[in-house]
Amino acid sequence: MSQLLRLSTTRHVVNRTIRQRCRAYATHQQQPSQPQRAAPRSSLISQKTAKEWKELSTPQKVVAASKATVNVGVILAGVALTGGLLFLVGRELFGSDSTTAIFSDAVDRINAHPEVSELLGKPIKAHGEPSRKRNRRVQHQIVEDGQGNPHLFMRFYLEGQDNRGTALLEMIKDDSGTWQYKRLLVDVPGQGYPSRRYFIEGQQQ
């Protein structure tokens, strides 16, 4: 009787082992195989380009190299032109002899004048010709006298809390090429009285 029980138990274990192995084999067969990864696109392009370059003849290589040189030259010329324009714009806006810098310095001198600042009322704002446009540009003119010396003339308008005025500027360029004040004056209307003229720089001639 005991032998029969042992034999039955052994068969049961063997059958269970066989079933487990069959299931494992079937599961392994059902798993899809992973596709092979394609080569990177950049690598394919590099290989294709290298292959095409090798297939070119010597004259074709010369033509291709010439085209590349021309393209580089055009790019460098564009960079140089852009740099030159930026330099000119920067010198015009921020240079000490630029009209923008001269205008700012003249406005500072007017604000520092005690009589004008008291009569107009601070803060004093300056702008170009009256216009409906928001950007009222300050007009200026450069002329030469009989001796060939350049003179800079500028007119702009002042607005304070209490009054308004007109500023007239004349500068002359010295031997070193620097603009020097010759006259800077402010005319303030009298509102029924004679207008007043204040000389910020220079004297009445």
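Structure shown above.
Residues numbered from 1 in each chain as written. Predicted model: local features only at pLDDT ≥ 70, side-chain atom pairs only at ≥ 80, totals over all residues. Heavy atoms only, no water.

The subject of this paragraph is the overall build of the chain. The secondary structure content of the chain amounts to five helices and six strands. Secondary structure elements of the chain, listed N to C terminal, follow the sequence α-α-α-α-α-β-β-β-β-β-β. By sequence separation, contacts in the chain at least 24 residues apart represent 41% of the contacts at least 6 residues apart. (Helix = DSSP H or I, 4+ residues; strand = E, 2+ residues; numbered from the N terminus. Contact = heavy atoms within 4.5 Å.)

Let us now look at the layout of surface pockets. Of the volumes computed, that of the second largest pocket is approximately 160 Å³. Taken together, 13 residues line the second largest pocket, and the ones lying closest to its centre are Phe153, Met154, Arg155, Leu168 and Leu169. For the lining of the second largest pocket, the elements supplying multiple residues, two or more each, are strand 2 (139-144), strand 3 (150-159), strand 4 (164-173) and strand 5 (179-188). Split by residue class, the lining of the second largest pocket holds five nonpolar, three polar and five charged. (1 Å grid on protein atoms, 1.4 Å probe; cavity = no way out; pocket = protein on both sides within 12 Å on 5 of 7 lines; lining within 4 Å. Points joined across faces, edges and corners; volume = space filled by probe spheres on them. Nonpolar A, V, L, I, M, F, W, Y, C, P; charged D, E, K, R; others polar.)

What follows covers the side chain of His151. Here His151 shows up in strand 3. One polar contact links His151 to Glu170, side chain to side chain, over a distance of 3.2 Å. (Polar contact = N/O pair within 3.5 Å; in protein donor to acceptor, adjacent residues only side chain to side chain.)

Quick look at the nonpolar core now. Grouped together as the largest cluster of nonpolar side chains are 22 residues, with contacts concentrated most on Ile102, Ile110, Val116, Met154, Phe156, Leu158 and Val186. For this core, the elements supplying multiple residues, two or more each, are helix 4 (99-112), helix 5 (114-120), strand 3, strand 4, strand 5 and strand 6 (196-201). The greatest single-element share of this core, amounting to five residues, is contributed by helix 4. (Core = buried A, V, L, I, M, F, W, Y, C linked by side-chain atoms within 4.5 Å. Buried < 20%, exposed > 50% of the residue type's maximum accessible area, 1.4 Å probe, protein only.)

Two strands pair when backbone bridges link them, and strand 2 and strand 3 are joined in this way by six bridges, in the antiparallel orientation. Its bridge partner being in strand 3, Ile142 is matched across the sheet by Leu152. In textbook terms, the turn of a hairpin is the stretch between consecutive antiparallel strands, and for strand 2 and strand 3 this stretch comprises five residues, one of which, Gly148, has a positive phi near 85°. (Pairing = 2+ DSSP bridges.)

Turning our attention to the side chain of Glu170. With respect to the helices, strands and loops of the structure, Glu170 is situated in strand 4. Once residues lying within four places of it in the same chain are set aside, the contact partners of Glu170 are His151, Leu152, Phe153, Gln180, Tyr181, Lys182 and Arg183.

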